[in-house]
Amino acid sequence: KAGVTQTPRYLIKTRGQQVTLSCSPISGHRSVSWYQQTPGQGLQFLFEYFSETQRNKGNFPGRFSGRQFSNSRSEMNVSTLELGDSALYLCASSFGGEETQYFGPGTRLLVL
Amino acid sequence: GQQVMQIPQYQHVQEGEDFTTYCNSSTTLSNIQWYKQRPGGHPVFLIQLVKSGEVKKQKRLTFQFGEAKKNSSLHITATQTTDVGTYFCAVGTGNQFYFGTGTSLTVIP
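Residues numbered from 1 in each chain as written. Chains lettered and ligands numbered in written order. Predicted model: local features only at pLDDT ≥ 70, side-chain atom pairs only at ≥ 80, totals over all residues. Heavy atoms only, no water.

A.B. asks: Just checking my understanding: could you explain the nonpolar core for this structure?
C.D. replies: In globular proteins that are soluble, nonpolar side chains generally tend to be buried together. Among the nonpolar cores identified, the biggest contains 21 residues, and Trp34, Leu46, Phe64, Met76 and Tyr89 of chain A are the most heavily contacted of them. Looking at this core, the elements with two or more residues in it are β3 (19–24), β4 (31–38), β5 (42–50), β8 (74–78), β9 (87–94) and β11 (107–111) of chain A. In contact with leucine 46 of chain A, not counting residues within four places along its chain, are Trp34, Tyr35, Gln36, Asn56, Lys57, Gly58, Phe60, Phe64, Met76 and Tyr89 of chain A. One finds Ile47, Phe63, Ile76 and Leu105 of chain B within the second-largest nonpolar core, a separate group that totals 20 residues. (Core = buried A, V, L, I, M, F, W, Y, C linked by side-chain atoms within 4.5 Å. Buried < 20%, exposed > 50% of the residue type's maximum accessible area, 1.4 Å probe, protein only. Helix = DSSP H or I, 4+ residues; strand = E, 2+ residues; numbered from the N terminus. Contact = heavy atoms within 4.5 Å.)

A.B. asks: Any chance you could explain the pattern of salt bridges here in plain terms?
C.D. replies: Per the stated rule, a full pass over the model turns up 7 salt bridges over all chains. With a shortest N-O distance of 2.7 Å, arginine 55 of chain A and glutamate 48 of chain A are connected by a salt bridge. Taking the relative accessible area as the measure of exposure, glutamate 48 of chain A reaches 0% and is therefore buried. When the shortest N-O distance is used, the salt bridge between aspartate 83 of chain B and arginine 60 of chain B registers 2.9 Å. On the criterion of sequence distance, the pair formed by aspartate 83 of chain B in the loop between β8 (71–76) and β9 (85–93) and arginine 60 of chain B in the loop between β6 (55–58) and β7 (61–65) is long-range, its members being 23 residues apart. Classification of aspartate 83 of chain B as buried rests on a relative accessible area of 5%. Several salt bridges share partner residues, and in doing so they unite Arg63, Glu82 and Asp85 of chain A into one network. (Salt bridge = Lys/Arg side-chain N within 4 Å of Asp/Glu carboxyl O.)

Structure follows, in structure tokens:
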């Protein structure tokens, strides 16, 4: 069974730009969660989608948004990028959201 | 929201020494999971504990869930350089996962 895939793996943007990250979950998984990981803040929960609906949202500004498609693939968008948005963005899939999280390799975003 | 405190934040050990990381919650947990993230990698699921007082072993790793289901520990016996990484505990509730702050383990050969 293929694992969670994320594209792109690396990204360099400048302040003010926007970025879209993609995540394809494990086949059969309907829940996709997104996390931001930085050295100082650890793993911070961004949001969780299940069957195209956002069920939970972490404490992030509205510049961070996401969506999920009917095939469970998910995208995350960050608008008006700031230097502090530089981080590893991880997505994880599971059957229902509270079960074992299977993580993708992450997208490493650098904002200059 | 759910808060999970994890200590220590960093631990350096000589190869062959033991290592333990602790996870504590102020509320009773239905279950707890442990993940390992190698340097440059992504978190990988290790185990889930569900029952009060549960103890599970994976080779040199021993996982415990407290009797009150408010704390958990991961103990590694005779560490090896392959054990290097950050160990996270995590709690899933309300369609969301809460990760502890992690313990970064360095093993000195």
